[in-house]
Amino acid sequence: MKEIIAYEMVFKGVLTYSNNIDCTPFREEYWSEYMRIYNECFYEMRKDLEIEPINFYSDYSQIKNKANDVFVYLQNGVIFGAVSCFGNELDDLIVSKTFQKRGYGRELLVWGINHILEQGYDEVVLHTAEWNRNAVKLYLKTGFDIRKKEKIR
């Protein structure tokens with residue numbers, strides 16, 4: 001079994017980026033496309049790290065209880081990406097493979113940070129696998145610091 005190292009990262013302070021996108025609350029009608037994008041985004045990592053199931057989402061019941069905390073970025077009815085905000089924790093930031101490498105990940109990150117800060121929280125926390133180097137670079141560049149490094153397995 002492969003070793004998994006995770007970072008707990010924290011954002012404190014002032015966000016120097018402004019929102020350039022608007023996200024909308026998740027609705028059940030987005031489920032099929034969201035599931036496809038989510039599974040596509042995490043497939044390579046889950047496969048490489050031997051995390052089962054490789055395609056995590058398969059049924060709407062898996063997201064139903066947390067759907068109120070999921071926000072999607074749409075353009076002309078097409079989901080470009082999504083981000084989840086659970087209290088002061090930012091999670092499941094995904095961008096459709098079709099739209100990656102165009103800055104939407106940073107835009108969703110900034111949107112999520114702003115959303116959490118607007119709820120009155122003083123800090124924003126997220127967790128990411130060390131394996132996901134591009135995400136770690138983005139988070140550090142945007143103002144997150146690594147608070148804790150932990151061996152998951």
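Coordinates for the structure precede this section.
Residues numbered from 1 in each chain as written. Predicted model: local features only at pLDDT ≥ 70, side-chain atom pairs only at ≥ 80, totals over all residues. Heavy atoms only, no water.

*Asks:* What should I look at first to understand a positive patch on the surface in this one?
*Replies:* Taken together, the side chains of K97, K101, R133 and K137 present a region of like positive charge at the surface. With a relative accessible area of 39%, K97 lands in the partly exposed category. (Patch = residues over 30% accessible without salt bridge, like charges linked within 9 Å, V, L, I, M, F, W, Y side chains within 5 Å. Areas by Shrake-Rupley, 256 points an atom, 1.4 Å probe, with all protein chains shown as cover. Salt bridge = Lys/Arg side-chain N within 4 Å of Asp/Glu carboxyl O. Lys, Arg positive; Asp, Glu negative; His and termini not counted. Charge placed at Lys NZ, Arg CZ, Asp CG, Glu CD. Buried < 20%, exposed > 50% of the residue type's maximum accessible area, 1.4 Å probe, protein only.)

*Asks:* How do you make sense of the sheet that holds strand β3 (residues 70-75) when you look at a structure like this?
*Replies:* Backbone-to-backbone hydrogen bonds join strands into a sheet, with any given pair of strands oriented parallel or antiparallel. Taken in spatial order, the seven strands line up as β2-β3-β4-β5-β6-β1-β7 in an open sheet, and their pairing is mixed. Each of the sheet's edge strands pairs with one partner strand only, and the pair in question is β2 (24-25) and β7 (144-151). Two elements, β2 and β3, share two bridges in a ladder whose sense is antiparallel. Paired with T24 across the bridge in β3 is V72. (Pairing = 2+ DSSP bridges. Helix = DSSP H or I, 4+ residues; strand = E, 2+ residues; numbered from the N terminus.)

*Asks:* Would you mind going over the pattern of salt bridges with me for this structure?
*Replies:* When the charged atoms of two side chains lie near each other, side chains of opposite charge can form a pair. Under the definition given, this model contains ten salt bridges. The closest approach of N and O atoms between E123 and K12, which form a salt bridge, is 3.9 Å. Of this pair, E123 sits in strand β6 (residues 123-129) while K12 sits in strand β1 (residues 5-12); the two residues are 111 residues apart in sequence, bridging distant segments of the chain. A residue is classified by how much of its surface remains accessible, and K12, at 56% relative accessible area, is exposed. Between R147 and E123 there is a salt bridge, with the nearest N and O atoms lying 3.3 Å from each other. Taken together, the residues R147 in strand β7 and E123 in strand β6 connect sequence positions 24 residues apart. Residues joined in a network through salt bridges with shared partners are E8, K12, E123 and R147.

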